[in-house]
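Chains, contacts and geometry: an overview
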Amino acid sequence: MTRKSDREFFERSCEDLRRYARRWIPESELGDFVQDCMTVLIEKRSQVENERAFLYAVARNKIKQFYEKRARGLKRFFPSFEGFEEMTMESLSTSLSIRVARHNDLEVGMQGLKSRQFAAFQLRYIEGLTEPDAAKVLSISMATLKRDLERARRQLRRALGDADDEQLDSILRNYVRGRG
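Described below are features of the structure shown in this document. Everything numeric here is computed off the predicted structure, so don't read it as measured data.

Another aspect to go through is the overall build of the protein chain. When helices and strands are tallied, the protein chain shows 8 helices and 0 strands. Of all 180 residues assigned to the protein chain, the portion counted as buried reaches 35%. Within the protein chain, counting contacts between residues at least 6 apart in sequence, those at least 24 apart form 59% of the total. A total of about 11,400 Å² of accessible surface is found on the protein chain, and carbon and sulfur atoms cover 49% of it.

The structure is reproduced here in structure tokens:
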């Protein structure tokens, strides 16, 4: 990589990581969190094949450590509640793993969409335009837009393991909230 592309990669990664982690890490600690994750990436960069995947694995571990530390602190205030820490860590780890897997499956599914389907889907569900506005932006009829959206949703449901409409909508809400 060139020096310029390195800088662009790190700037983009920092912003993406900040958006990803703000669901779990308080805003006051987000800067340190991102810096810690990026430091690990820089230290291990020569040993890493997929930098983005490695960075998100580091982030998941740091989030887990954050909640483990928080759980230990809470356990001091609730010493009679045995199993608090284990329950918290198990549920957090499972929840994070599921969310990350769904997020990745959704992105893979979106990459497989045809360009017009992707554009229609992006405008309607990610950007939040109404169907008439999305059709105007794309210079297509409402019927064409609806057909493209339905085909896109069908393909994304398949990418998510034959999810139903309700599950797809839930995953999309989480995806959009994470990008916002």
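Take T39: it is sitting in helix α2 (residues 27-44). Remark: the alpha-carbon pair of T39 and L55, spanning 16 residues in sequence, is separated by 9.9 Å.

This part takes up unusual backbone geometry. The phi dihedral of S139 falls on the positive side, at around 55 degrees, and the residue is not glycine. Looking at the element boundaries, S139 is found in the loop between α6 (131-138) and α7 (142-159).

Time to look at the side chain of R153. By the element assignment, R153 lies in helix α7. Here the side chain of R153 touches D169 through a polar contact of 2.9 Å, side chain to side chain. Setting aside chain neighbours within four positions, we find R153 in contact with F121, Y125, D165, L168, D169 and L172.

So, about the side chain of S13. Note that S13 resides in helix α1 (residues 3-21). Looking at S13, the relative accessible area reads 4%, which means it is buried.

The next subject is the packing of aromatic side chains. As enumerated under the stated definition, the model contains 3 aromatic pairs in all. Ring geometry for F9 against F10: centres 5.4 Å apart, planes inclined by 75 degrees, an arrangement best described as edge-to-face. Exposure remark for F9: the relative accessible area of 10% places this residue in the buried category.

What follows is about helix α5 (residues 115-126). Within α5 the residues assigned to the buried category are Q117, A120, F121, Q122, L123 and I126. Positioned one or two residues after α5, G128 has a phi angle of 85 degrees, which is positive.

The next point concerns the nonpolar core. A general tendency of soluble globular proteins is for nonpolar side chains to be buried together. Counting residues in each nonpolar core, the largest one holds 21 residues, and the members touching the most others are L17, Y20, I25, F33, C37, M38 and I63. Mapped by element, the contributors of at least two residues to this core are α1, α2 and α3 (51-77). The element best represented in this core is α3, accounting for 7 residues.

What counts, and where the lines are drawn
- Residue positions are given per chain, counted from 1 along the sequence in the order it is written.
- Given that this is a predicted model, residues contribute local features only at a pLDDT of at least 70 and side-chain atom pairs are listed and counted only at 80 or more, while totals for whole chains, interfaces and linings are drawn from all residues.
- For side-chain calculations, the full set of non-hydrogen atoms in the structure is used, while hydrogens and water are omitted.
- For the purposes of this entry, the term helix denotes a DSSP run of H or I that reaches at least four residues, the term strand denotes a run of E that reaches at least two, and both are numbered from the N terminus.
- Summary of the burial criterion: residues with accessible area below 20% of their type's maximum are buried, those above 50% are exposed, and those between are partly exposed, where the area comes from a 1.4 Å probe applied to protein chains only.
- Whether two residues touch is decided by their heavy atoms; if any such pair falls within 4.5 Å, the residues are in contact.
- The Shrake-Rupley method, run with a 1.4 Å probe, gives the accessible areas here. Residue values count only the displayed protein chains as cover.
- N or O atoms within 3.5 Å of each other form a polar contact, as long as, within protein, one can give a hydrogen and the other can take it, and as long as residues adjacent in sequence are counted only when both atoms are side-chain atoms.
- In summary, the pairing rule links any two rings of Phe, Tyr or Trp, Trp by its six-membered ring, whose centres are within 6.5 Å, and it sorts them by plane angle into stacked for under 30 degrees, edge-to-face for over 60 and tilted for everything else.
- Take the buried Ala, Val, Leu, Ile, Met, Phe, Trp, Tyr and Cys residues and link them wherever side-chain atoms come within 4.5 Å; each set so joined is a nonpolar core.

Limitation: the analysis is restricted to geometry and does not speak to function.
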